[in-house]
Amino acid sequence: MSAGIFDRTPQTVEHIETAYRRISTQIPAPGTDDLLTILDANESRSMHGQMPIVWDRAHDFSIYDRAGNRWIDFTSTIFVANTGHGNRAVRNAVREVLDKGMMHSYAYASEIRASYLERLIEFAPAPVEKAMLFSSGTEAVEAAFKLMRMQGQKTGKERLGVVCLEGNYHGRTMAAQMLGGGDDQRIWMGKQDPDIHRIGFPFAWELGDKSGANFFRDSISSLEKGGIHAKKDICGLLLEGYQGWNAAFYPTDYVQAAAEWCQENNILLAFDEIQSGFGRTGKKFCFEHYNVKPDLFCCGKGMGSGIALSGVLGRADIMDLPDVGNMSSTNSANPMACAAGLATIKEIERLNLVAESVRKGRILRRELMKLQSESGGRISRFSARGLVAALIFDDVKCGGSAADFADKVCLKALESGLLVVRTGRESIKIGPPLTIADEALEEGLSVLGSAIADVSWGTGF
Ligand SMILES: Cc1ncc(COP(=O)(O)O)c(C=O)c1O
């Protein structure tokens with residue numbers, strides 16, 4: 001099962017019928033292999049390796065296949081369906097646009113684009129004044145990178161250095177990947193950009209008895225010792241809201257020291273809120289946990305509830321740096337995306353999803369503490385805030401490969417009617433729609449606990 005390839009032979013599993021789950025066939029369900037084989041034959045390998053399930057229908061926090069099996073969804077696909085799968089208000093808003101036949105309007109003005117941008121700016125915390133819209137998260141990061149460097153040129157920096165954090169993730173296009181990921185993910189680029197500087201992530205075990213603020217300052221001192229001077233050589237700092245694969249949050253004083261450093265040295269502070277925004281962590285945007293006001297930030301995923309929508313938001317002086325037409329794309333502000341984005345904000349407000357994320361987050365944390373204490377050390381730690389969490393497994397306690405163990409838990413959960421986020425590493429992530437019913441959240445966590453126990457005891461780990 002290594003390298004993310006799951007066995008596709010249907011296995012007889014326990015039949016399940018609860019208020020939120022139904023497993024009534026073998027798993028993978030008959031026909032899954034046939035369909036995956038068509039995908040394997042016709043689609044790039046880069047899309048392979050997913051769990052052996054074929055989605056047919058989705059509603060709120062439930063996923064269904066054609067055979068009628070039903071799963072509790074702890075993934076929101078990949079932190080997208082914050083307002084619930086197929087949210088009715090979002091669908092109706094998109095349908096209204098479709099019924100007018102206006103699937104696209106390029107950069108010509110439309111009422112929906114004006115209404116959405118006005119509402120988006122109101123929704124975002126001050127000092128956001130303007131936005132630019134795109135389709136994917138990675139595109140938004142490219143745009144933020146360009147804005148940071150344009151600002152550096154405008155303010156007369158000698159070099160256009162951008163500081164980012166080791167292990168953070170920002171997407172798969174050139175600048176986004178230069179700013180994130182591990183070394184192995186950057187090999188394809190050949191020559192590396194000498195003006196991208198990576199500093200270490202402030203994990204608790206890296207901090208030791210250092211404060212977050214001192215940890216940040218020490219990282220910057222190391223850069224300075226290497227001949228990179230903040231005032232003249234750095235124009236931007238990019239932080240992911242939390243580090244993705246393990247949902248690791250920063251110490252607040254780390255981010256505050258970073259914000260002060262940016263201010264003192266005329267450096268733009270940018271946040272990547274693509275995964276962490278739109279209520280996921282119990283705030284509208286994750287940077288609010290750290291009490292800082294970034295100059296600009298990137299959004300995507302939950303922004304459009306599943307319709308491709310991303311954007312960069314920030315102060316007007318930054319957002320207006322590019323000349324007319326210099327930072328648009330064919331699908332920027334697509335009317336369907338604007339309709340979905342507007343309906344998403346209205347749904348977040350109508351359903352109180354930010355407060356719900358906090359309230360349900362307490363249930364999540366409480367149950368994860370139990371899971372950890374019952375895991376015999378296999379869960380070495382977990383991180384949770386709002387409705388995102390990551391469980392980190394321990395190699396030794398898991399019998400050698402925590403990543404294999406995590407994969408087995410994902411598969412066992414799938415067989416039991418629960419979908420969790422597979423990371424391909426030693427973690428499992430949880431990110432249900434913010435609309436999930438309390439009982440479904442509790443039921444899913446209990447299924448996850450059983451899956452961990454089954455893998456621990458049933459398969460020799
Ligand atoms: C924090 C973060 N930034 C950027 C991206 C890239 O977004 P996209 O996949 O829409 O290009 C992701 C996607 O997983 C993400 O989690």
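Residues numbered from 1 in each chain as written. Predicted model: local features only at pLDDT ≥ 70, side-chain atom pairs only at ≥ 80, totals over all residues.

A closer look at the site of the ligand
Step number 1: Neighbouring the ligand are 13 residues, the closest being Gly-137, Thr-138, Gly-171, Ile-274 and Gln-275.
Step number 2: Of the residues contributing to the shell around the ligand, the split by class is three nonpolar, eight polar and two charged. (Near = placed C-beta within 6 Å. Nonpolar A, V, L, I, M, F, W, Y, C, P; charged D, E, K, R; others polar.)

Description of the sheet that holds strand E14 (residues 388–393)
Within a sheet, adjacent strands bond to each other through the backbone by hydrogen bonds, running parallel or antiparallel.
Step number 1: Taking strand neighbours across the sheet as the criterion, the four strands line up as E13-E14-E17-E16 in an open arrangement whose pairing is antiparallel. Edge positions in the sheet fall to strand E13 (379–385) and strand E16 (421–422), since each has one partner strand and no second.
Step number 2: Where E13 and E14 come together, six bridges link them in antiparallel fashion. What sits directly across from Arg-381, in E14, is Ile-392.
Step number 3: Those strands touched by helix H13 (residues 353–373) are E13, E14 and strand E17 (427–430), and its axis lies near 175° from that of E13.
Step number 4: This element, helix H14 (residues 402–415), spans E14, E16 and E17 of the sheet and lies at about 40° to E17. (Pairing = 2+ DSSP bridges. Helix = DSSP H or I, 4+ residues; strand = E, 2+ residues; numbered from the N terminus. Contact = placed C-beta atoms within 7 Å. Axes fitted to C-alpha atoms, helices over the stretch in contact; angles between N-to-C directions.)

Structural notes on the pairing of E17
On a regular strand, each side chain points to the face opposite its neighbour's, so the side chains alternate between the two faces of the sheet.
Step number 1: Judged by which residues are buried, E17 turns out to be covered on both faces: Ser-427 and Lys-429 on one side and Ile-428 and Ile-430 on the other are all buried.
Step number 2: Strand direction decides the pairing type here: E14 and E17, joined by four bridges, are antiparallel. Residue pairing across strands places Ile-392 opposite Ser-427, the latter belonging to E17.
Step number 3: The sheet contact formed by E16 and E17 spans two bridges and is antiparallel. By the bridge assignment, Arg-422 is partnered in E17 with Ile-428. (Buried ≥ 20, exposed ≤ 12 C-beta atoms within 10 Å, placed from the backbone.)

Comments concerning the sheet that holds strand E12 (residues 310–314)
Step number 1: Taken together, the seven strands give an open sheet; going across it, the order is E6-E12-E11-E10-E9-E7-E8, and neighbouring strands pair in mixed fashion. Two strands lie at the open edges of the sheet, namely strand E6 (130–134) and strand E8 (196–199), each paired on one side alone. Shown here is a sheet whose adjacent strand axes are inclined to one another by a mean of 20°, direction ignored.
Step number 2: Here E6 runs beside E12; their pairing, made up of five bridges, is antiparallel.

Some remarks on helix H5 (residues 137–154)
Step number 1: Between its first and last C-alpha atoms H5 spans 26 Å; for 18 residues at 1.5 Å apiece the expected length is 26 Å, and the two agree.
Step number 2: Most of H5 is tucked away, with 14 of its 18 residues classed as buried.
Step number 3: Two residues or fewer past H5, Gly-156 is found with a positive phi of approximately 75°. (Expected span 1.5 Å × (residues − 1).)

Some remarks on the packing of helix H4 (residues 111–123) against helix H12 (residues 335–350)
Step number 1: With their axes 9 Å apart at the nearest point, H4 and H12 run at an angle of 35° to one another. In this structure, the crossing between H4 and H12 has a hand that is left-handed. Together, Ile-112, Arg-113, Ser-115, Tyr-116, Arg-119, Leu-120 and Phe-123 of H4 and Pro-335, Cys-338, Ala-339, Gly-341, Leu-342 and Ile-345 of H12 make up the contact between the two elements.
Step number 2: Tallied by class, the residues present in the contact of H4 with H12 amount to nine nonpolar, two polar and two charged. (Left-handed = near helix turned anticlockwise from the far one by under 90°.)

Here's the deal with the environment of Leu-36
Step number 1: Looking at where Leu-36 falls in the secondary structure, it is placed in helix H1 (residues 32–42).
Step number 2: Along the backbone, Leu-36 and Ser-450 are 414 residues apart, and their C-alpha atoms lie at a distance of 28 Å.
Step number 3: Once residues lying within four places of it in the same chain are set aside, the contact partners of Leu-36 are Arg-8 and Pro-52.

Points about the pairing of strand E11 (residues 296–299)
Step number 1: Burial along E11 is two-sided: Leu-296 and Cys-298 facing one way and Phe-297 and Cys-299 facing the other are all buried.
Step number 2: Pairing analysis gives three bridges linking strand E10 (residues 268–272) to E11, with the strands arranged parallel. Within E11, the position partnered with Phe-271 by the bridge is Phe-297.
Step number 3: Inspection of the sheet shows E11 paired to E12 by four bridges, in the antiparallel sense.

Digging into unusual backbone geometry
Step number 1: In this model, Ile-27 is joined to Pro-28 through a cis peptide bond whose omega is -5°.
Step number 2: By secondary structure assignment, the location of Pro-28 is in the loop between strand E2 (22–23) and H1.
Step number 3: Residue Phe-278 is not a glycine yet carries a positive backbone phi of 55°.
Step number 4: Mapped onto the secondary structure, Phe-278 falls in the loop between E10 and E11.
Step number 5: Phe-278 sits in the buried class, given 30 other C-beta atoms within 10 Å.

As for the environment of Leu-418
Step number 1: Relative to the assigned elements, Leu-418 resides in strand E15 (residues 418–419).
Step number 2: Remark: the alpha-carbon pair of Leu-418 and Asp-73, spanning 345 residues in sequence, is separated by 6.2 Å.
Step number 3: In contact with Leu-418, other than residues within four places in its own chain, are Trp-71, Ile-72, Phe-74, Ala-413, Gly-444, Val-447 and Leu-448.

Digging into the domain arrangement of the chain
Step number 1: Each assigned domain of the chain is listed here: domain 1 (2–83 + 353–458) and domain 2 (88–350).
Step number 2: On the domain 2 side, the residues contacting the 25 residues of domain 1 number 21 residues.
Step number 3: If you tally residues by element for the side of domain 1 that touches domain 2, the top one is H13, at five residues.
Step number 4: Broken down by class, the residue content of the side of domain 1 that touches domain 2 amounts to 13 nonpolar, nine polar and three charged. (Domains from an automatic or database assignment.)

Topic: the packing of helix H8 (residues 212–225) against helix H10 (residues 252–264)
Step number 1: The interhelical angle for the contact between H8 and H10, taken along N-to-C directions, is 45°, at an axis separation of 6 Å. Classified by the angle their axes make, H8 and H10 are oblique. Here the hand of the crossing between H8 and H10 comes out right-handed. In contact with Gly-212, Ala-213, Phe-215, Phe-216, Arg-217 and Ile-220 of H8, H10 contributes Asp-253, Tyr-254, Gln-256, Ala-257, Ala-258 and Trp-261.
Step number 2: Class assignment for the residues of the contact of H8 with H10 results in eight nonpolar, two polar and two charged. (Parallel < 35°, antiparallel > 145°, perpendicular 65-115°, else oblique.)

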